[in-house]
Amino acid sequence: MRARRRDEEHRAATPLELFFDLCFVVAIAQAGRQLAHALTEGHPGHGISGYLMLFFAIWWAWMNFSWFASAYDTDDPLYRVVTLVQMAGVLILAAGVPRAFEHNDFTVIWLGYLVMRLAMVTQWLRAALGSRGAERRTALRYALGVTVCQVGWLGLLLLPERDVRWVFVVVALLELAVPALAERQRQTSWHPHHIAERYGLFTIIVLGETIAAATVAVQSALDENDALGSLLPIAGGGLLLVFAAYWIYFAVPIHLHLRSNRQAFLWGYGHYLVFGSAAAVGAGIEVAVEESIGKSHLSTLGASACVTVPAALFMLTVWLIHSRHQKRGLAQQLVLPVSSLLVLACTFAGRGAVLAAGLVASATVAVGVTLTSRQGTALAE
């Protein structure tokens with residue numbers, strides 16, 4: 001196994017990577033479904049905290065593979081087999097999400113992580129065998145760090161339930177520290193364009209899952225109630241939100257910004273909020289649908305907030321870590337922060353909150369396109 005060059009031309013995601021990503025659709029769907037159920041039942045504290053923990057596990061497993069593959073994807077039979085083992089671990093993790101959410105039983109999730117981590121350590125050890133010097137030490141540090149963290153997650157199984165959140169915080173911070181510690185002497189040869197494409201593809205997967213969740217919620221409501229008049233504004237507003245989220249995210253070529261580990265790590269880690277908020281919009285739409293047909297313990301204001309809060313967080317986070325690096329001038333820089341506040345204000349629009357948020361998101365895209373067009377015209381003149 002030899003490291004790939006960072007300046008390699010025409011580097012793109014492989015079919016194996018796309019197949020790997022599809023396995024995460026199941027896990028994301030499970031986490032979103034559990035969040036929607038908890039919110040509908042009127043347990044926002046339990047729902048949000050559980051969702052944040054479980055989505056971190058999903059996101060971090062995807063991160064581990066994606067950055068390694070960007071540097072060491074040899075696509076030979078052994079690499080493929082080990083990657084398929086990791087995919088099996090993802091599906092085990094997904095199967096354990098309901099039990100972890102409802103009963104704080106993380107046994108199945110830990111086993112899924114164990115399968116993924118054994119495969120990941122194998123990959124790093126193989127990379128170490130094929131390298132020398134600082135590159136070899138970096139690979140060995142990764143293998144050691146991943147192993148230590150996996151042992152740390154045993155705390156979720158062995159310690160009392162009241163300590164679960166503290167275990168999560170401590171071990172999650174250790175997980176986030178592993179790449180920085182491993183690469184302090186030598187950076188792995190991740191490819192900026194490839195990494196940007198991989199994150200973009202995962203964004204599409206998350207947005208697609210949001211559409212799927214909203215569609216199922218509306219379909220179920222129609223099957224049980226003749227409430228088309230109240231469901232159409234929610235469905236239309238949700239669709240506008242997802243379309244706008246796609247446009248906003250892909251408006252800038254971010255790979256030009258990823259020139260160092262510091263820039264790439266801040267951008268990569270920040271996507272925990274980007275991905276998590278995008279997926280939570282789908283859960284929020286489910287809650288809004290349930291409330292509109294009288295099957296939710298939440299008020300209209302609470303159900304509206306389940307959509308507007310993650311939508312606003314998505315806009316603000318995308319601006320903060322992603323698009324602001326390509327924006328020019330105060331007007332362009334203010335579009336997304338101001339729009340995120342307007343989306344939050346839509347929370348108080350009653351039953352029309354989701355539609356209003358969708359219209360604000362659409363207007364955000366229109367304003368952004370207009371400002372960019374005017375800047376291009378001014379530069380041409």
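Here the structure is shown first, and the text comes after it.
Bear in mind the structure is a predicted one, so any value in this text is a computation, not a measurement. (Residues numbered from 1 in each chain as written. Predicted model: local features only at pLDDT ≥ 70, side-chain atom pairs only at ≥ 80, totals over all residues. Heavy atoms only, no water.)

**A word on the overall build of the protein**
Summing up its helical and strand segments, the protein has 13 helices and zero strands in all. Taken from the N to the C terminus, the helices and strands of the protein come in the order α-α-α-α-α-α-α-α-α-α-α-α-α. Compactness check: the protein gives a C-alpha radius of gyration of 21 Å against a globular reference of 21 Å for 381 residues, within 12% of the reference. A burial count over the protein gives 54% of its 381 residues as buried. At a minimum sequence separation of 6, the contacts of the protein that also span at least 24 residues come to 80%. On the protein, roughly 16800 Å² of surface is accessible, and the fraction owed to carbon and sulfur atoms is 67%. The positive charge centre, built from 27 side chains, and the negative charge centre, built from 25, are 13 Å apart in the protein. (Helix = DSSP H or I, 4+ residues; strand = E, 2+ residues; numbered from the N terminus. Rg over C-alpha atoms; globule rule 2.2 N^0.38 Å. Buried < 20%, exposed > 50% of the residue type's maximum accessible area, 1.4 Å probe, protein only. Contact = heavy atoms within 4.5 Å. Areas by Shrake-Rupley, 256 points an atom, 1.4 Å probe, with all protein chains shown as cover. Lys, Arg positive; Asp, Glu negative; His and termini not counted. Charge placed at Lys NZ, Arg CZ, Asp CG, Glu CD.)

**Re the packing of helix 4 (residues 107–129) against helix 5 (residues 133–152)**
Orientation of helix 4 relative to helix 5, taken along the N-to-C sense of each, is 165 degrees, at an axis distance of 8 Å. Judged by the angle between their axes, helix 4 and helix 5 are roughly antiparallel. Here the hand of the crossing between helix 4 and helix 5 comes out left-handed. Facing helix 4, whose interface residues are W110, Y113, L114, R117, V121, W124, L125, A127 and A128, helix 5 presents R136, A139, L140, Y142, A143, V146, T147, C149 and Q150. In terms of residue class, the contact of helix 4 with helix 5 is built from 14 nonpolar, two polar and two charged. (Axes fitted to C-alpha atoms, helices over the stretch in contact; angles between N-to-C directions. Parallel < 35°, antiparallel > 145°, perpendicular 65-115°, else oblique. Left-handed = near helix turned anticlockwise from the far one by under 90°. Nonpolar A, V, L, I, M, F, W, Y, C, P; charged D, E, K, R; others polar.)

**So, empty space enclosed by the protein**
The final tally for this structure, using the stated rule, is six cavities of 30 Å³ or more. If you go around the largest cavity, you meet 18 residues; those closest to its centre are M63, N64, W67, Y142 and P179. Broken down by secondary-structure element, the contributors of at least two residues to the lining of the largest cavity are helix 2 (44–72), helix 4, helix 5, helix 7 (164–182) and helix 10 (261–292). With five residues, helix 2 is the single largest residue contributor to the lining of the largest cavity. Here the residues of the lining of the largest cavity are counted per class, giving 13 nonpolar, three polar and two charged. (1 Å grid on protein atoms, 1.4 Å probe; cavity = no way out; pocket = protein on both sides within 12 Å on 5 of 7 lines; lining within 4 Å. Points joined across faces, edges and corners; volume = space filled by probe spheres on them.)

**Side note on a nonpolar patch on the surface**
Side chains of I204, Y246, W247, F250 and V369 sit close together on the surface and give an oily, nonpolar patch of about 480 Å² of accessible area. As for its placement among the helices and strands, W247 is situated in helix 9 (residues 228–249). Under the relative-accessibility criterion, W247 is labelled partly exposed at 48%. (Patch = residues over 30% accessible without salt bridge, like charges linked within 9 Å, V, L, I, M, F, W, Y side chains within 5 Å. Salt bridge = Lys/Arg side-chain N within 4 Å of Asp/Glu carboxyl O.)

**Structural notes on the layout of surface pockets**
Empty space among the atoms becomes visible once a probe the size of a water molecule is rolled across them. In this structure, the largest pocket spans a volume of roughly 430 Å³. In terms of lining residues, the largest pocket is bounded by 23 residues, among which R33, A36, V216, A217 and E286 are the most central. Secondary-structure elements contributing two or more residues to the lining of the largest pocket are helix 1 (15–40), helix 8 (192–224) and helix 10. Considering every element that reaches the lining of the largest pocket, the biggest residue donor is helix 8, with eight residues. A per-class count over the lining of the largest pocket returns 11 nonpolar, five polar and seven charged.

**Quick word on the packing of aromatic side chains**
Counted under the stated rule, the structure contains 30 aromatic pairs. Measuring from centroid to centroid gives 4.7 Å for F68 and W124, while their planes differ by 80 degrees, and the two rings are edge-to-face. Here W124 lies in helix 4 and F68 lies in helix 2, a separation of 56 residues in the sequence. Assessed through its relative accessible area of 1%, F68 is described here as buried. The ring of W190 has R6 sitting right over it, with the charged end atom 4.0 Å from the ring centre. (Phe/Tyr/Trp six-rings, centres within 6.5 Å; stacked < 30°, edge-to-face > 60°. Lys NZ or Arg CZ within 6 Å of the ring centre and 35° of its normal.)

**Here we look at the side chain of R198**
Within the element layout of this structure, R198 appears in helix 8. Overall, R198 belongs to the buried group, its relative accessible area being 0%. Polar side-chain contacts of R198 include one of 2.6 Å to the side chain of D21. Among the polar contacts listed, one links the side chain of R198 to the side chain of S66, at a separation of 3.3 Å. (Polar contact = N/O pair within 3.5 Å; in protein donor to acceptor, adjacent residues only side chain to side chain.)

**Re the nonpolar core**
One finds L93, W124, W153, Y199 and F275 to be the most contacted residues of the largest nonpolar core, which totals 117 residues. Sort the elements by how many residues they give to this core and helix 2 lands first, with 18 residues. Not counting chain neighbours up to four residues away, the residues in contact with W124 comprise F68, Y72, A139, Y142, A143 and T188. (Core = buried A, V, L, I, M, F, W, Y, C linked by side-chain atoms within 4.5 Å.)

**Quick look at the packing of helix 2 against helix 8**
Relative orientation of the contacting elements helix 2 and helix 8 amounts to 150 degrees, with a least axis distance of 10 Å. Between helix 2 and helix 8, the angle is such that the two are roughly antiparallel. Between helix 2 and helix 8 the crossing geometry is right-handed. Along the contact surface, helix 2 presents W62, M63, F65, S66, W67, A69 and S70, while helix 8 presents H194, I195, R198, Y199 and F202. Of the residues in the contact of helix 2 with helix 8, the class split is eight nonpolar, three polar and one charged.

**Digging into unusual backbone geometry**
Not every positive phi belongs to a glycine, and H10 is a case in point at roughly 60 degrees. On the basis of relative accessible area, H10 is assigned to the exposed category, the value being 78%. Despite not being glycine, D75 has its phi angle at roughly 55 degrees, a positive value. With respect to the helices and strands, D75 occurs in the loop between helix 2 and helix 3 (77–103). Under the relative-accessibility criterion, D75 is labelled partly exposed at 33%.

These figures come from the coordinates and say nothing about function on their own.
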